[in-house]
Amino acid sequence: MHTDTERCVRAVQSKDARFDGWFFTAVLTTRIYCRPSCPVVPPKPGNMTFYPSAAACQQAGFRACKRCRPDTSPGSPEWNERADLVARAMRLIADGVVDREGVPGLAARLGYSTRQVERQLLAELGAGPLALARAQRAQTARLLIETTALPMAEIAFAAGFSSIRAFNDTVREVFALSPSELRARVPRRAAGQVSGTAGSLTLRLPFRAPLNPDNLFGHLAATAVPGVEEWRDGAYRRTLRLPYGHGVVALSPNPDHVACRLTLSDLRDLTVAISRCRRLLDLDADPVAIDDQLRTDPVLAPLVAKAPGRRVPRTVDEAEFAVRAVLGQQVSTAAARTHAARLVAAHGDPVDDPEGGLTHLFPSPEQLARLDPESLAMPRTRRTTFTTLVGQLADGALNLGVESDWTETRARLLALPGFGPWTADVIAMRALGDPDAFLPTDLGIRKAAQELGLPSTPAALTARAAAWRPWRAYAVQYLWATDSHPINFLPV
């Protein structure tokens, strides 16, 4: 979008928050870059230039605006809508792969050469993977500086910097303030406390309005696995398995943000934890574009008008969700939770949770691959499905990570024994993040279709749903919402 100068100028002049994260405005006279909704008086159009990423602005010598704080914008919705090389690379960078494995590791996960990855990112985003990861490190550093009492040296390494000097230089370059000056700007009462190796942070997760929390948090709470997830005091809480350790997160919906409270065993996992929580709640979606498309259908239009801004509840762990999808085949929500809770109690790693009732991490595929299939209380055919899935996840034959190709992965899932279209599509929708995944064989969808006068057979309903593309996964949320199932209601 940043190449459409006229459209970008209109967005800046109207302070349209919908475009925050889509592009960044760099002001030639002040050498500052802002989000489109910056509250200051817009500069003259001749003094504006536009960039597709904060990293590109920084590389061009612009510093972040202290007023609108463009580093806190929602992420671009493009990376959740696409499955091409650039989108997959951006999801991996957000997941901290460059910091942990370098650019060669990023390229290896994508199956391309480092030169090809760098060339495509530079062409589309104006910055290569190192610059994009550096911008993300700067954002994490600012968050830690402003919300914790950690020493600056610990913040530097927790944010992913290789040295104190690189940390200091980056913060000064991006924010035009030293780390100490950034912290001095924050009122004392706003600073959090972190001690030892265990860190506890409270932060705000921004999103594009509107956001309807009912089906989002209702679904997560209604399907919560005891020991791993719970709804407590107005927040969805769960344990997180992270690259350097584990964590516990509490997420609460608010009118203009999602409140996020993170407790981490290793603060180096902060960037990854935030990225996964945003992905879980689908916070980088563009609800206006999605709802505008869906409301062109006269059947869906009243549903969208009644409760706009529905998101797709996703996952923080793709392998975990795939296992739970198999456990939920042809059984009730309560039965699926019971099966999963037994696995958690028997094979999950225990964690301490002083605030609530979380007791374990969900077992990894490697842990589940070692269990005795005869101990599973399910039909023999489903045991075969379960053991084949966890075996392929454990040995790497099947990859469900954020870098996976949606079409190819769905075909691999359908080739597994016991995997039909419903299982493959629900994993595509909630684990892989495909916004166009559709569930024509789902009982809830077929019931909604019958009530709304839509075709009820899978083939006919799929043909009818072609008009909803590329947002059929969101249409599923609106169709599910016609039922009185607990997944559609915010818990009290």
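Attention in this report is confined to the structure presented alongside it. (Residues numbered from 1 in each chain as written. Predicted model: local features only at pLDDT ≥ 70, side-chain atom pairs only at ≥ 80, totals over all residues. Heavy atoms only, no water.)

A word on the overall build of the chain
So, point 1. Looking only at helices and strands, one finds 23 helices and 9 strands in the chain.
So, point 2. Relative to a compact globule of 492 residues, whose C-alpha radius of gyration would be 23 Å, the chain shows 23 Å and is just as compact.
So, point 3. The principal-axis extent of the C-alpha atoms belonging to the chain is close to 65 × 55 × 50 Å.
So, point 4. A burial count over the chain gives 55% of its 492 residues as buried.
So, point 5. Of all intrachain contacts in the chain linking residues separated by at least 6 positions in sequence, the fraction that spans at least 24 positions is 68%.
So, point 6. If you sum the accessible surface of the chain, you get close to 20,200 Å²; carbon and sulfur atoms cover 52% of it.
So, point 7. Distance from the positive charge centre (58 side chains) to the negative charge centre (51 side chains) of the chain: 4 Å. (Helix = DSSP H or I, 4+ residues; strand = E, 2+ residues; numbered from the N terminus. Rg over C-alpha atoms; globule rule 2.2 N^0.38 Å. Buried < 20%, exposed > 50% of the residue type's maximum accessible area, 1.4 Å probe, protein only. Contact = heavy atoms within 4.5 Å. Areas by Shrake-Rupley, 256 points an atom, 1.4 Å probe, with all protein chains shown as cover. Lys, Arg positive; Asp, Glu negative; His and termini not counted. Charge placed at Lys NZ, Arg CZ, Asp CG, Glu CD.)

What about the environment of Cys 8?
So, point 1. Relative to the elements of secondary structure, Cys 8 occurs in helix H1 (residues 5–13).
So, point 2. Taking relative accessible area as the criterion, Cys 8 reaches 0% and is therefore assigned buried.
So, point 3. Placed 253 residues apart in sequence, Cys 8 and Arg 261 show a C-alpha to C-alpha distance of 35 Å.
So, point 4. In this structure, Cys 8 is in contact with Met 1, His 2, Phe 23 and Phe 50, ignoring residues within four places of it in sequence.

Considerations on the pattern of salt bridges
So, point 1. In this structure the tally under the stated criterion is 39 salt bridges.
So, point 2. Between Arg 232 and Glu 230 there is a salt bridge, and its shortest N-O distance comes to 2.9 Å.
So, point 3. Residue Arg 410 pairs with Asp 425 through a salt bridge whose shortest N-O separation is 2.5 Å. Residue Arg 410 is located in helix H19 (residues 406–414), and its partner Asp 425 is located in helix H20 (residues 421–432); the two are separated by 15 residues in the primary sequence.
So, point 4. You can call Arg 410 partly exposed: its relative accessible area is 29%. (Salt bridge = Lys/Arg side-chain N within 4 Å of Asp/Glu carboxyl O.)

Regarding the environment of Arg 279
So, point 1. Relative to the helices and strands, Arg 279 is located in helix H12 (residues 270–280).
So, point 2. The spatial distance from the C-alpha of Arg 279 to the C-alpha of Phe 50 is 26 Å, given a sequence separation of 229 residues.
So, point 3. In contact with Arg 279, not counting residues within four places along its chain, are Asn 80, Arg 91, Arg 314, Thr 315, Glu 318, Val 402, Ala 431, Leu 432 and Gly 433.

Re the pairing of strand S1 (residues 24–27)
So, point 1. Going residue by residue along S1, you find Phe 24 and Ala 26 tucked away on one face and Thr 25 and Val 27 tucked away on the opposite face as well.
So, point 2. Taken together, the 4 bridges between S1 and strand S3 (residues 48–51) define a ladder with antiparallel strand orientation. Bridge pairing in S3 links Phe 24 to Tyr 51.
So, point 3. Summarising the sheet, S1 and strand S2 (residues 32–34) pair through 3 bridges and their orientation is antiparallel. Within S2, the residue paired with Val 27 across the bridge is Ile 32.
So, point 4. Hairpin connection from S1 to S2: 4 residues lie between these consecutive antiparallel strands, with Arg 31 at a positive phi of about 60°. (Pairing = 2+ DSSP bridges.)

Here's the deal with the nonpolar core
So, point 1. One finds Leu 294, Val 323, Phe 386, Leu 389, Ile 427, Met 429 and Trp 468 to be the most contacted residues of the largest nonpolar core, which totals 63 residues.
So, point 2. Once you skip the residues sitting within four places of it in the chain, Ile 427 turns out to touch Phe 321, Ala 322, Ala 325, Leu 413, Phe 419 and Leu 432.
So, point 3. Ala 138, Leu 143, Leu 251 and Val 316 belong to the second-largest nonpolar core, a separate cluster that totals 52 residues. (Core = buried A, V, L, I, M, F, W, Y, C linked by side-chain atoms within 4.5 Å.)

Notes on the packing of aromatic side chains
Each aromatic ring pair is characterised by the separation of its centres together with the angle its planes make.
So, point 1. Under the criterion given, the structure shown has 7 aromatic pairs.
So, point 2. Between the aromatic rings of Trp 471 and Tyr 474, the centroid separation amounts to 6.0 Å while the plane-to-plane angle is 75°, which identifies the pairing as edge-to-face.
So, point 3. Overall, the relative accessible area of 9% leaves Trp 471 in the buried class.
So, point 4. On the basis of relative accessible area, Tyr 474 is assigned to the buried category, the value being 3%.
So, point 5. The ring of Tyr 244 is capped by Arg 268, whose NZ or CZ atom sits 3.9 Å from the centre of that ring. (Phe/Tyr/Trp six-rings, centres within 6.5 Å; stacked < 30°, edge-to-face > 60°. Lys NZ or Arg CZ within 6 Å of the ring centre and 35° of its normal.)

A word on the pairing of strand S9 (residues 258–264)
So, point 1. Here S9 shows one buried face, formed by Val 258, Cys 260, Leu 262 and Leu 264, and one open face, formed by Ala 259, Arg 261 and Thr 263.
So, point 2. Counting the residues that bridge the hairpin from strand S8 (residues 246–253) to S9 gives 4 residues.

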